[in-house]
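Results of the structural survey
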Amino acid sequence: MGKTSFGLEVARAVAGDGAAVLVISREMLLIALARRLLAQSARVSASSLKSGRISDADWVTLQASLPKLRALPLWLTDQAVSIEEIETLVTGFAESPPLGLVIVDYLQLVHAPETLRDRRLHVEHVSRGLKRLALQR
């Protein structure tokens, strides 16, 4: 419970310290991920933000949070669906500062070869790919 929220808090803290962060979500669409990040940053209810029912005070807080978030070296995507696509995305990342952290939200939803039908083998394949990627960096 709360893994995505925790991951976004870590991402924001690391980016706030100056390291570039890439968050790859397999569970949430980009818009929902961005909305959750904004709500957390502004300390506003994510459900209120989603429904559009926010108070004037919360609206001011949200508007004040946006420039702070935009200034962070923090990128979100929901487009990388396989370990190979994640590797391509990470190795092609040419931003400054250099990429310091990659967060993959929901490892079990990252695609693996069709031949790996066993759930354990699927997760092992993805984990090995991420470890290989980490050792390359």
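Since the model is a prediction, treat every value here as computed from it, not as a measurement.

**Regarding the overall build of the protein chain**
Each helix and strand counted, the protein chain has 6 helices and 3 strands in total. The helix and strand sequence of the protein chain, counted from the amino end, reads α-β-α-α-α-β-α-β-α. By principal-axis analysis of the C-alpha atoms, the protein chain measures approximately 55 × 30 × 20 Å. Here the protein chain, with 137 residues, has 36% of them falling under the buried criterion. Summing over all exposed atoms, the protein chain offers an accessible surface of approximately 8400 Å²; the carbon and sulfur share of this is 56%. Positive and negative side-chain charges in the protein chain, numbering 17 and 14 respectively, have mean positions lying 3 Å apart.

**Focus on the sheet that holds strand E2 (residues 74-77)**
With respect to topology, 3 strands assemble into an open sheet ordered E2-E1-E3, the strand pairing being parallel. Looking along the sheet, the strands with just one partner apiece sit at the ends: E2 and strand E3 (99-105). Across the sheet, the mean angle from the axis of one strand to that of its neighbour is 15 degrees, orientation sign disregarded. In the packing of helix H1 (residues 3-16) onto the sheet, contacts are made with strand E1 (20-25), E2 and E3, and the angle to E3 comes to roughly 170 degrees.

**Some details on the nonpolar core**
As a rule of thumb, soluble globular proteins bury nonpolar side chains together. Core analysis: the largest hydrophobic core is formed by 19 residues, its most contacted members being Ala11, Val21, Val23, Leu62 and Leu74. Put simply, the parts of the chain that give this core at least two residues each are H1, E1, helix H2 (30-42) and helix H4 (56-70). The biggest single contributor to this core is H2, with 6 residues. Not counting residues within four places of it along the chain, the set of residues in contact with valine 23 comprises Leu8, Ala11, Leu33, Leu74, Trp75, Leu76, Thr77 and Ile103.

About the thresholds
Residues numbered from 1 in each chain as written. Predicted model: local features only at pLDDT ≥ 70, side-chain atom pairs only at ≥ 80, totals over all residues. Heavy atoms only, no water. Helix = DSSP H or I, 4+ residues; strand = E, 2+ residues; numbered from the N terminus. Buried < 20%, exposed > 50% of the residue type's maximum accessible area, 1.4 Å probe, protein only. Areas by Shrake-Rupley, 256 points an atom, 1.4 Å probe, with all protein chains shown as cover. Lys, Arg positive; Asp, Glu negative; His and termini not counted. Charge placed at Lys NZ, Arg CZ, Asp CG, Glu CD. Pairing = 2+ DSSP bridges. Axes fitted to C-alpha atoms, helices over the stretch in contact; angles between N-to-C directions. Contact = heavy atoms within 4.5 Å. Core = buried A, V, L, I, M, F, W, Y, C linked by side-chain atoms within 4.5 Å.

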